[in-house]
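# A look at the structure
Here's the letter readout for the chains.
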Amino acid sequence: MQTTDKMKTKSRVILAAAFTAVSVFSFVAGSIVISAINTNKDIPAAQAQVNQTDALTTYSIFDPTFKLVAGTYSHPAGWQADSQVKWDIEAFSQPLKLHSIAQSPDGLSALEFFPTEQFCWLVPNPGFKHPGLPMGDGATLLPPVSAVDAMVHFVIPKLRGNVANLQILQVVPMPQLSQTLGLTPAPGSTEEGVVAKLSYQLNGEPVEEEIYGVKVAFPGGVTSFGGAGRITQYNWGFRTLFSFRTKTGGMDAVRPAFVAMVQSFRPNPAWQACRAQFQQRALQHNNFRLQLTQQSIDNANMLSRTVLAANEQFFQHQAERRQYQAVSDQMRIDARHNDGSAGTQ
């Protein structure tokens, strides 16, 4: 188990660094054209129309830990926005959980940003965790699969598994999504874009939703050797997840407005610096914890060796005493026998 922990720490640094290098939602300014399901809209033109007819307001994502604005984005005036920024130093693979949603007064239309998802897989699998369960360090144990399969079997059940009358209408690859969003791939990584179209009931009303994701993976894996033998860890995950939701039948008309909101996001460089520092602190904290664990193991091993040595010395001493006692007893028996023999002569 100790070997596995060490290997996890070394290999997770690669994935953690890749995710840390990404801004909060990884979007850049400029014309973003998302060729989504069943749409041929001229998004830049439609976007201009939205900006002319709808008043927008700016929402700030506030981080209470660092007391800084993490980033800002625009949404229609009259909508309500909310966010949660949570840090966990024990989750060194992904210490940040950031979620934000902007939604219409009736809650049927919404733009939602989800936390990133990190997965890992061990070959051979030691068996101490079942697939789909958290590793305890911010990652989830899952074997590498395509972006489409990960969306169908993990992301959708996690994000929308409890909605009423859920139907997965379509899940398709979007090869250009990462490039469209202006993401810079991490060295040695591969990326896949995907979009899922869903329908379900919300507050008794039928809605449709499109969930977009960019999956990143490090195909080569990281191999370590130790008491458990050779173990290779494969790191992968979703570096970006967001969704558009509206009343059924209205997505094509409002998708350009959603794209404009996504495009409006601006990260705060000061907060990004704090994020990178916290990620480094989490890694250092985990390394220190492993060092303490190793020291505890070393101390326990030393104590065990001391106890074994003391026990061996005790048992040896007892054996010597028994041998000495046996010799003494024999000498006394012989002495009595000799005394008896002398008296009979």
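Residues numbered from 1 in each chain as written. Predicted model: local features only at pLDDT ≥ 70, side-chain atom pairs only at ≥ 80, totals over all residues. Heavy atoms only, no water.

Looking only at helices and strands, one finds 6 helices and 13 strands in the protein chain. Out of the 345 residues in the protein chain, the part that is buried amounts to 43%. In the protein chain, the proportion of contacts linking residues at least 24 apart, taken out of those at least 6 apart, comes to 66%. On the protein chain, roughly 17,500 Å² of surface is accessible, and the fraction owed to carbon and sulfur atoms is 55%. (Helix = DSSP H or I, 4+ residues; strand = E, 2+ residues; numbered from the N terminus. Buried < 20%, exposed > 50% of the residue type's maximum accessible area, 1.4 Å probe, protein only. Contact = heavy atoms within 4.5 Å. Areas by Shrake-Rupley, 256 points an atom, 1.4 Å probe, with all protein chains shown as cover.)

Relative to the helices and strands, Asp82 resides in strand S3 (residues 80–87). Each C-alpha atom, one on Asp82 and one on Ile61, is 7.8 Å from the other, the two residues being 21 residues apart in sequence. Aside from chain neighbours lying at most four places away, what touches Asp82 is Tyr59, His99, Ser100 and Ile101.

In this structure the tally under the stated criterion is 8 salt bridges. Across the pair Arg239 and Glu191 runs a salt bridge, and its minimum N-O distance is 2.2 Å. Taken together, the residues Arg239 in strand S12 (residues 229–247) and Glu191 in strand S9 (residues 190–202) connect sequence positions 48 residues apart. Classification of Arg239 as buried rests on a relative accessible area of 8%. Among the ionic pairs, Asp252 bridges to Arg255, the shortest N-O distance being 3.1 Å. Here Arg255 and Asp252 lie together in helix H5 (residues 251–263), a separation of 3 residues that amounts to about one turn. Given a relative accessible area of 1%, Arg255 falls into the buried group. What you see here is one network of salt bridges that share partners, running through Glu112, Arg160 and Glu209. (Salt bridge = Lys/Arg side-chain N within 4 Å of Asp/Glu carboxyl O.)

Bringing the sheet that holds strand S1 (residues 56–63) into the picture now. The 3 strands lie next to each other as S1-S2-S13, forming an open sheet whose pairing is antiparallel. Strands at the two margins of the open sheet, each flanked by one partner only, are S1 and strand S13 (266–267). Two elements, strand S2 (residues 68–76) and S13, share 2 bridges in a ladder whose sense is antiparallel. Across the sheet, the residue bridging to Gly71 is Pro267, located in S13. (Pairing = 2+ DSSP bridges.)

The next thing to look at is unusual backbone geometry. Pro124 follows Val123 through a cis peptide bond whose omega is -5°. Residue position: Pro124 is located in the loop between strand S6 (117–123) and strand S7 (140–141). A positive phi angle, near 55°, is found at Lys67, a position not held by glycine. For Asn203, which is not glycine, the phi dihedral falls at a positive 55°.

Close inspection of predicted coordinates is inappropriate in any region flagged by low pLDDT. Scored by pLDDT, the protein chain comes out at a mean of 77, with 66% of its residues at no less than 70. Across residues 1–15, confidence stays below pLDDT 50; counting only partners more than four residues off in sequence or on other chains, it has 48 contacts. Note on residues 292–301: pLDDT is under 50 here. Beyond four places in sequence and across chains, it has 4 contacts. (pLDDT = per-residue confidence, 0-100.)

Each pair of aromatic rings is reported with the distance of its centres and the angle of its planes. Counting across every chain of the model gives 13 aromatic pairs. Here Phe119 and Phe154 contribute two aromatic rings whose centre-to-centre distance is 4.7 Å and whose plane-to-plane angle is 80°, an arrangement assigned as edge-to-face. Placement of the pair is Phe119 in strand S6 and Phe154 in helix H3 (residues 147–160), with a sequence separation of 35 residues. Each member of the pair Phe119 and Phe154 is classed as buried. On the basis of an interplanar angle of 45° and a centroid distance of 5.7 Å, the ring pair of Phe242 and Phe244 is categorised as tilted. Each of the two residues, Phe242 as well as Phe244, counts as buried. Among the aromatic residues, ring-to-ring pairing joins Trp79, Tyr212, Phe242, Phe244 and Phe258 into one connected group. (Phe/Tyr/Trp six-rings, centres within 6.5 Å; stacked < 30°, edge-to-face > 60°.)

The next subject is H5. In this model H5 runs 17 Å from its N-terminal to its C-terminal C-alpha over 13 residues, within 8% of the 18 Å that 1.5 Å per residue would give. The buried fraction of H5 amounts to 10 of the 13 residues, a majority that puts the element mostly inside the structure. Regarding H5, the residues found buried are Met251, Arg255, Pro256, Ala257, Phe258, Val259, Ala260, Met261, Val262 and Gln263. (Expected span 1.5 Å × (residues − 1).)

Secondary-structure assignment places Asn235 in strand S12. A distance of 2.8 Å separates a polar atom in the side chain of Asn235 from a polar atom in the side chain of Gln233. (Polar contact = N/O pair within 3.5 Å; in protein donor to acceptor, adjacent residues only side chain to side chain.)

On to H3. Along its 14 residues, H3 runs just 17 Å from first to last C-alpha, ending more than 12% under the 20 Å computed at 1.5 Å per residue. Along H3, the largest kink reaches about 30° and is centred on Phe154; proline Pro157 follows within four residues of it. (Bend = angle between axes of the 7 residues up to and from the residue.)

A few words on the environment of Arg255. The spacing of Arg255 and Phe244 is 11 residues in sequence and 7.4 Å in space, taken between C-alpha atoms. Side chain to side chain, Arg255 and Glu210 meet in a polar contact 2.6 Å long.

All right, on to the nonpolar core then. When a protein is soluble and globular, its nonpolar side chains tend to lie buried together. With 29 residues, the main nonpolar core has Ile61, Tyr73, Leu111 and Phe244 as its most contacted residues. For this core, the element with the highest residue contribution is H5, accounting for 5 residues. Counting 21 residues, the second-largest nonpolar core is a separate cluster that includes Leu142, Val171, Val194 and Trp236. (Core = buried A, V, L, I, M, F, W, Y, C linked by side-chain atoms within 4.5 Å.)

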